[in-house]
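Residue-level structure breakdown
Below, each chain spelled out in residue letters.
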Amino acid sequence: MTNISTLSAKDKETVKTFWAKISSSGDAIGADALSRMLVVYPQTKTYFSHWKDLSPGSAPVLKHGATVMGGVGEAVAKIDDLSAGLLSLSELHAFTLRVDPSNFKVLSHNILVVLALMFPTDFTPEVHVAMDKFLAAVARALSEKYR
Amino acid sequence: MVVWSEQERSIINSIFSSLDYNDAGPKALSRCLIVYPWTQRYFASFGNLYNAEAIKSNPNVQAHGIKVLHGLDRAVKNMDNIKATYAELSVLHSEKLHVDPDNFKLLADCLTIVIAAKMGSAFTPEVQAAFQKFLAVVVSALGKQYH
């Protein structure tokens, strides 16, 4: 299988350095990004009809936000081979969750918004482009088993 | 027709009345050119866009960023009729500037990031929703006269 990673060595370095700065806020980032996504893109609520409370900062949102950012952290650690590294997550999303892949872009956007507001000086355009490329690569890896 | 709540109108007016155009404009445009480098295709006459530093310090980029941001003023003043307000501007972007309308969303996303960085936690999910709704209407209006 061809590895179509478009992340340059510089991109990976930028992502790892930035992640080291922000990872202790991972849970908060995830919770805020997820909260925003559910408010700003209400169609995404369709995936969470089993939750009692979808409001920003609710218990299920906090918990799931942390889970999702945990996955992002895992991706940073396996940045040199996302396809292999995220294989089980990819199968989960393909066969069990079946989240329409367009939603990866939506969540990525909201993660970037949260990074900008939480880390305005660190989230420079150079970091932004590297993170955007990285999240797109993660989304690609998660979509690999869909069909 | 787009329906705006009183809260949405208030949010949009508040963002633009406290906006530092000379700061946000250059930041949004330069971020767009850095994060989505293919957008540089429209600015061949701007001189050195070779790297992020060059883009950020390019006076043509700065001036143009301010101009583009002020272009949103008429939409803020005419929120109930953005489509008609921007008909001419849409024709301009299509017939004269030949801008692929997909690019409007890219710049809109960069502006969202810049505003989020400036407002921090004040950029709540509700504020983000209103702002993105506003930009989506603008983007749609700018694409309306393409044929």
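Because the structure is predicted, anything quoted here is derived from the model rather than measured. (Residues numbered from 1 in each chain as written. Chains lettered and ligands numbered in written order. Predicted model: local features only at pLDDT ≥ 70, side-chain atom pairs only at ≥ 80, totals over all residues. Heavy atoms only, no water.)

1. A look at the UniProt feature "domain: Globin" (unreviewed entry) in chain B
- Here the UniProt-annotated "domain: Globin" (unreviewed entry) positions come out as residues 3-147 of chain B.
- Split by type, residues 3-147 of chain B is 70% helix and 0% strand. Its first and last C-alpha atoms lie 26 Å apart. (UniProt positions renumbered as here; feature names shortened; annotations may be inferred. Helix = DSSP H or I, 4+ residues; strand = E, 2+ residues; numbered from the N terminus.)

2. Observations concerning unusual backbone geometry
- In this model, R98 of chain A sits at a positive phi of 45°, which is unusual for a non-glycine residue.
- Turning to its location among the elements, R98 of chain A is positioned in the loop between α5 (87-97) and α6 (102-118).
- Note on R98 of chain A: relative accessible area 59%, which makes it exposed.
- A positive phi angle, close to 50°, is found at H98 of chain B, a residue other than glycine.
- Secondary-structure assignment places H98 of chain B in the loop between α7 (87-96) and α8 (102-119). (Buried < 20%, exposed > 50% of the residue type's maximum accessible area, 1.4 Å probe, protein only.)

3. Let's talk about the interface of chain B and chain A
- Across the boundary between the two partners, chain B contributes 21 residues, which contact 19 residues of chain A.
- Across the interface of chain B and chain A, roughly 1,700 Å² is buried in total on both sides, 62% from carbon and sulfur atoms.
- Of all residues in chain B, R31, I113 and P125 of chain B bury the most surface against chain A, accounting for 30% of the area lost on that side.
- Put simply, chain B and chain A have one salt bridge between them.
- We note a salt bridge from K56 of chain B to E126 of chain A, for which the minimum N-O separation is 3.0 Å.
- At the boundary of chain B and chain A, one finds eight residue pairs in polar contact (both at pLDDT 80 or more). (Contact = heavy atoms within 4.5 Å. Buried area = accessible area lost by both parts, 1.4 Å probe. Salt bridge = Lys/Arg side-chain N within 4 Å of Asp/Glu carboxyl O. Polar contact = N/O pair within 3.5 Å; in protein donor to acceptor, adjacent residues only side chain to side chain.)

4. Section: the packing of aromatic side chains
Residues and elements named next belong to chain B.
- Enumeration over the complete set of coordinates arrives at 11 aromatic pairs over all chains.
- Between the aromatic rings of F16 and F134, the centroid separation amounts to 5.5 Å while the plane-to-plane angle is 65°, which identifies the pairing as edge-to-face. Taken as a pair, F16 in helix α1 (residues 6-17) and F134 in helix α9 (residues 125-143) lie far apart in primary sequence, 118 residues in all. Note on accessibility: F16 and F134 belong to one class, buried.
- Ring centres of F123 and F131 lie 6.4 Å apart, and the angle between their planes is 75°; on these two criteria the pair is classed as edge-to-face.
- The positively charged end of K133 is found above the aromatic ring belonging to W4, 4.8 Å away from the centroid. (Phe/Tyr/Trp six-rings, centres within 6.5 Å; stacked < 30°, edge-to-face > 60°. Lys NZ or Arg CZ within 6 Å of the ring centre and 35° of its normal.)

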